[in-house]
Amino acid sequence: MDLVTKKIALLPGDGIGPEVCRQAVKVLDAIAERFGHRFEFTSHLVGACAIDATGNPLPDETLAACRASDAVLFGAIGDPKYDNDPSAKVRPEQGLLRMRKELGLFANIRPVTAYQALLKHSPLKSDRIEGTDMVIFRELTGGIYFGEKGRTADGVAYDNCTYSRPEIERIAHLAFQSAAGRRQHLTLVDKANVLETSRLWREVVREIAPQYPGVTVDYLFVDNAAMQIITNPKQFDVVLTENMFGDIISDEASVIAGSMGLLPSASVGAAVAVFEPIHGSYPQAKGKGIANPLAAILSAAMLLDHLGLTAEAELVREAVDEALTNNILTPELNPTAPYTTEQVGSYVAFWIADSNEQQWNAHNIAVGVSTII
Ligand SMILES: NC(=O)C1=CN([C@@H]2O[C@H](COP(=O)(O)OP(=O)(O)OC[C@H]3O[C@@H](n4cnc5c(N)ncnc54)[C@H](O)[C@@H]3O)[C@@H](O)[C@H]2O)C=CC1
Ligand SMILES: CC(C)CC(=O)C(=O)O
Ligand SMILES: [Mg+2]
């Protein structure tokens, strides 16, 4: 692979967003150093910090910077002062939703893996989850999150859910293509026994299926899917679903990996792609050094894949596996001998920088290297 120069827009956001983003940048810097690439980072406001500074959760400058970049790395947005004020008209989440809409990020791809080294930490039985390897394709710019919403004169609240054929078709094709390159199995999760939008999803997916003759298609109601994802996750390969169902079942699926701090995602569409952990701003953890940075780091690996840097992405994943295997884990996974957000990031970065030299003691590296890198 030739050496590359890439512009990466960083949108760290709120809460733990900046802490986990910092670790992902450290890891990308280690990749650049090792392979001779150049990643040019610029940082921009989004979410509550953007409201505080400008009154707008997605300033024009931020959107322009995303459009001018080769890729975007996003942390998380959200702040309790808005979560606890239902009457707030301007909210951090509007920044994230508008960014997705403006950049046309119609597909959010969320891989879920049961890591061998973490099976023992899972609240789920190992034999149920061992070998799980699924990817959730969540529609990201339609459905109830984007429908007309409001209150009527007599105080009734409403959120409309709409989907058009083209909105379903474009993500369904991506999901089918993914399934065709994996285990040839696609499950559409919907609520077609009740919702008209879900019936349209089934109709469209049924029409498209013959274009992918090798792929077996299953249809599952979302309530049933929520149960089966936990009790029998190995049956799933590619899961295709609408915006809100995908949001909910992917948080649930993070229990299979072991933590919300482990699930990365890629949001893709027509133009620039955004890479973001699936978790939120976890405000209770802000500044405490307890947030798991691996979801952000694995999102950076997806970013590398997207840029065509597959060997580099693979090295990041190897380094993460190494951290998991050596118990270099934040407290939600390792409460008795936890490492900090920064130590976990440093361990991964150090392993990338020096993975041919594996003589060192894992603990010393994680503790010592944080002052070096
Ligand atoms: N993409 C985004 O920016 C998202 C933003 N939000 C916003 O985040 C704020 C907090 O929302 P919550 O519902 O509490 O969701 P959250 O994802 O921030 O946290 C939920 C729970 O997941 C765990 N968790 C999350 N990230 C973790 C990490 N990196 N390491 C270890 N454990 C982790 C913690 O137990 C936490 O209590 C809200 O303002 C919400 O609107 C929520 C989800 C996504
Ligand atoms: C603002 C929310 C839709 C964010 C969220 O929960 C997510 O994208 O997973
Ligand atoms: Mg969510």
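What counts, and at which threshold
- Note on numbering: residues in each chain are counted from 1, in written sequence order.
- Starting at A for chains and at 1 for ligands, labels are handed out in the order in which the entities are written.
- The predicted nature of this model means local features are confined to residues of pLDDT at least 70 and side-chain atom pairs, given and counted, to a pLDDT of 80 or more, with totals for whole chains, interfaces and linings taken over all residues.
- UniProt positions are given in the numbering used here, feature names are shortened, and annotations may be inferred rather than shown by experiment.
- By definition, a residue lies near a molecule or strand when the C-beta atom built from its backbone is within 6 Å of it.
- Each residue receives one of three labels: charged for Asp, Glu, Lys and Arg, nonpolar for Ala, Val, Leu, Ile, Met, Phe, Trp, Tyr, Cys and Pro, and polar for the others, Gly being one of them.
- Labels follow the DSSP assignment, with helices taken as runs of H or I lasting at least four residues and strands as runs of E lasting at least two, numbered in each case from the N terminus.
- Between the buried cut of 20 or more and the exposed cut of 12 or fewer other C-beta atoms within 10 Å of a residue's own C-beta lies the partly exposed class, and all C-beta atoms are placed from the backbone.
- Residues are defined as contacting one another if the C-beta atoms placed from their backbone atoms lie within 7 Å.
- Strand pairing requires that DSSP identify at least two bridges connecting the strands.
- When the strands point away from the viewer and the path from the first strand over the helix to the second turns clockwise, the crossover is right-handed.
- The term nonpolar core refers to a set of buried Ala, Val, Leu, Ile, Met, Phe, Trp, Tyr and Cys residues connected through C-beta atoms within 7 Å.
- Here the limits of each domain have been adopted from an automatic or database domain assignment.

Naming follows an unreviewed UniProt entry, where the chain appears as 3-isopropylmalate dehydrogenase of Hymenobacter coccineus. What UniProt states about the chain under its Sequence similarities (unreviewed entry) heading is, verbatim, "Belongs to the isocitrate and isopropylmalate dehydrogenases family. LeuB type 1 subfamily."

### Focus on the site of ligand 1
Taken together, 21 residues are adjacent to ligand 1, and Gly-78, Gly-261, His-279, Gly-280 and Asn-292 come closest. Of the residues in the shell around ligand 1, the class split is 10 nonpolar, 7 polar and 4 charged.

### As for the UniProt feature "site: Important for catalysis" (unreviewed entry) in the chain
The UniProt feature table records "site: Important for catalysis" (unreviewed entry) at Tyr-145 and Lys-191. Looking at the secondary structure, you find Tyr-145 in the loop between strand S5 (133–139) and strand S6 (149–151). The class of Tyr-145 is buried, set by 20 C-beta atoms lying within 10 Å. Leaving out residues up to four positions away in the same chain, Tyr-145 has contacts with Leu-97, Asn-243 and Met-244. Inspection of the secondary structure puts Lys-191 in the loop between strand S8 (185–190) and helix H8 (196–208). Residue classification places Lys-191 among the partly exposed positions, given that 18 C-beta atoms sit within 10 Å. Residues contacting Lys-191, with those up to four places away along its chain left out, are Ser-198, Phe-221 and Val-222.

### Things to note about the sheet that holds strand S1 (residues 5–13)
If you walk across this open sheet you meet the 10 strands as S2-S1-S3-S12-S11-S4-S5-S10-S8-S9, and the pairing is mixed. Two strands lie at the open edges of the sheet, namely strand S2 (38–43) and strand S9 (216–221), each paired on one side alone. Sheet topology note: the strand S11 (residues 266–268)/strand S12 (residues 274–275) ladder contains 2 bridges and is antiparallel. Residue pairing in the sheet places Ala-266 in a bridge with Phe-275 of S12.

### Let's talk about the pairing of S2
Here 6 bridges tie S1 to S2, and the two strands are oriented parallel to one another. Note on S2: the bridge partner recorded for Lys-7 is Glu-40. Once the chain exits S1 it traverses helix H1 (residues 17–35) before rejoining the sheet at S2, and the crossover so formed is right-handed.

### Structural notes on the pairing of S9
Two elements, S8 and S9, share 6 bridges in a ladder whose sense is parallel. Counterpart to His-185 in the pairing with S9 is Thr-216.

### Brief notes about the nonpolar core
Val-27, Leu-73, Phe-275, Ile-297, Ala-300, Val-316 and Val-348 are the most contacted members of the largest nonpolar core, which totals 113 residues. Composition of this core by domain shows at least three residues from each of domain 1 (1–108 + 261–373) and domain 2 (123–257). What Ala-300 contacts, discounting residues up to four positions off in sequence, is Ala-24, Val-27, Leu-28, Leu-73, Phe-275 and Val-316.

### A look at the domain arrangement of the chain
In terms of domains, the chain is made up of domain 1 (1–108 + 261–373) and domain 2 (123–257). Taking only C-alpha atoms, the centre of domain 1 and the centre of domain 2 are 25 Å apart. Contacts between the two partners involve 12 residues from domain 1, matched on the other side by 16 residues from domain 2. Every element with two or more residues in the side of domain 1 that touches domain 2 is listed here: helix H5 (92–102) and strand S4 (107–113).

### Structural notes on the UniProt feature "binding site: Mg(2+)" (unreviewed entry) in the chain
Under the UniProt annotation, the feature "binding site: Mg(2+)" (unreviewed entry) is placed at Asp-223, Asp-247 and Asp-251. Of the residues just listed, which span 29 residues, no C-alpha pair is farther apart than 14.5 Å, and they cluster in one region. Among the secondary structure elements, Asp-223 is positioned in helix H9 (residues 222–231). Not counting chain neighbours up to four residues away, the residues in contact with Asp-251 comprise Met-260 and Ile-278.

### Some thoughts on the environment of Tyr-339
Following the sequence through the fold, Tyr-339 ends up in the loop between helix H12 (310–325) and helix H13 (341–353). By C-beta crowding, Tyr-339 is classed as buried, having 27 other C-beta atoms within 10 Å.

### Digging into unusual backbone geometry
Of note in the backbone geometry, Tyr-282 takes a positive phi value of approximately 30° without being a glycine. Inspection of the secondary structure assignment puts Tyr-282 in the loop between S12 and helix H11 (294–306).

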